[in-house]
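A look at the structure
Residue-level listing of the chains:
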Amino acid sequence: MNRPEIEFNSALTKKEALAALLYLPVHMFLLPTVMAALVNKGMIGEAWANLIVYIIGVLYILAFCWKFLRRDFDPFIDQFGHCVLQVCICYGLMLVLNFAVNLLLFQLDPLENPNNAAIMDLASVEFGKTAALAVFMAPILEEIMFRAGIFGMLRKHSRIAAYIVSILAFSAYHVWGYTIGNPGYWIYIVQYIPVSYLLCRCYEKCGSIWGSISLHMVINAISVNMMHTLSQMPGDFM
């Protein structure tokens, strides 16, 4: 007997949605620009600069969207087994889709993904800060902005538009900063399409933002640990 589909009732209030969406350009453009200037002047290290950006973001989101996180926690716990299953399914699908995308990129023989390279460099020297940022802070902040904010608000009007806009925004978010110096890096937007889609799917299937937050945490935890392990290997191996 098929399990009945969980009704999607997760929603930010108008005030919460406005706060989440208004912070998006601050997080994507303003704070990184300020921190990059401080790093270039030698006033702060790159790891601390990234950490500060996410600390500010998480504090902001907790200040304005704490009630939403609390509201969505109950349905996540009530359907905990189902949500864990969805996280596992989505992670498995991500591995398959990522393999296909990476195989395609290998055929095209592009440059190395600059975002992954930057994370690997940070993980090799500042693993603790990088792990804290990627595993705990980024999932909460990014899921509120891209899934609860963009996907959740658009889904009320068009499910297709919600998927498309959220996927494109989240994918572009991870590469746009590197394309300023090299437009060829836009090709790496395709690497983030599978995970962007699956985070939306997990949010929708679980009916709680904690579903996509959990999936995001699992993905980042495994990825950062793998990058840290690879960064510690001899150069000839890598």
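Residues numbered from 1 in each chain as written. Predicted model: local features only at pLDDT ≥ 70, side-chain atom pairs only at ≥ 80, totals over all residues. Heavy atoms only, no water.

What about the pattern of salt bridges?
To be explicit about the condition: The term salt bridge refers to a pairing of a side-chain nitrogen on Lys or Arg with a carboxyl oxygen on Asp or Glu at a separation within 4 Å. Secondary structure counts use DSSP, requiring at least four H or I residues in a row for a helix and at least two E residues in a row for a strand, with both numbered from the N terminus. Throughout, exposure labels follow a simple rule: accessible area from a 1.4 Å probe, protein chains only, divided by the maximum for the residue type, with under 20% read as buried, over 50% as exposed, and the rest as partly exposed.
Taken as a whole and judged by the stated rule, the model has 6 salt bridges. The partner of Arg-147 in a salt bridge is Glu-143, with the nearest N and O atoms 2.7 Å apart. Taken together, the residues span about one helical turn, with Arg-147 and Glu-143 both in helix 5 (residues 127-155) at a distance of 4 residues. Across this residue pair, the class does not change: Arg-147 and Glu-143 are buried. With its nearest N and O atoms 2.8 Å apart, the salt bridge here joins Glu-204 to Arg-155. In this pair, Glu-204 is assigned in helix 8 (residues 193-206) and Arg-155 in helix 5, connecting sequence segments 49 residues apart. Residues joined by salt bridges that share partners form a network here, namely Arg-155, Arg-159 and Glu-204.

Things to note about the confidence of the model for the protein chain
To keep it simple, the criterion reads: Here pLDDT means the predictor's own confidence in every residue, given as a number from 0 to 100.
In this model, the protein chain carries an average pLDDT of 91, and 93% of its residues clear a pLDDT of 70 or more. When the elements of the protein chain are averaged for pLDDT, helix 4 (residues 114-125) gives the smallest value, 79, and helix 8 the largest, 98.

Some remarks on the nonpolar core
Threshold: The set of buried Ala, Val, Leu, Ile, Met, Phe, Trp, Tyr and Cys residues whose side-chain atoms join them within 4.5 Å is what this entry labels a nonpolar core.
Residues Tyr-54, Phe-146, Ile-209 and Leu-215 are the most contacted members of the largest nonpolar core, which totals 52 residues. Breaking this core down by element, the ones donating at least two residues are helix 1 (14-40), helix 2 (46-78), helix 3 (80-108), helix 5, helix 6 (159-173), helix 8 and helix 9 (209-231). At 11 residues, helix 5 tops the list of elements feeding residues into this core. Counting 8 residues, the second-largest nonpolar core is a separate cluster that includes Leu-105, Ala-172, Tyr-185 and Tyr-188.

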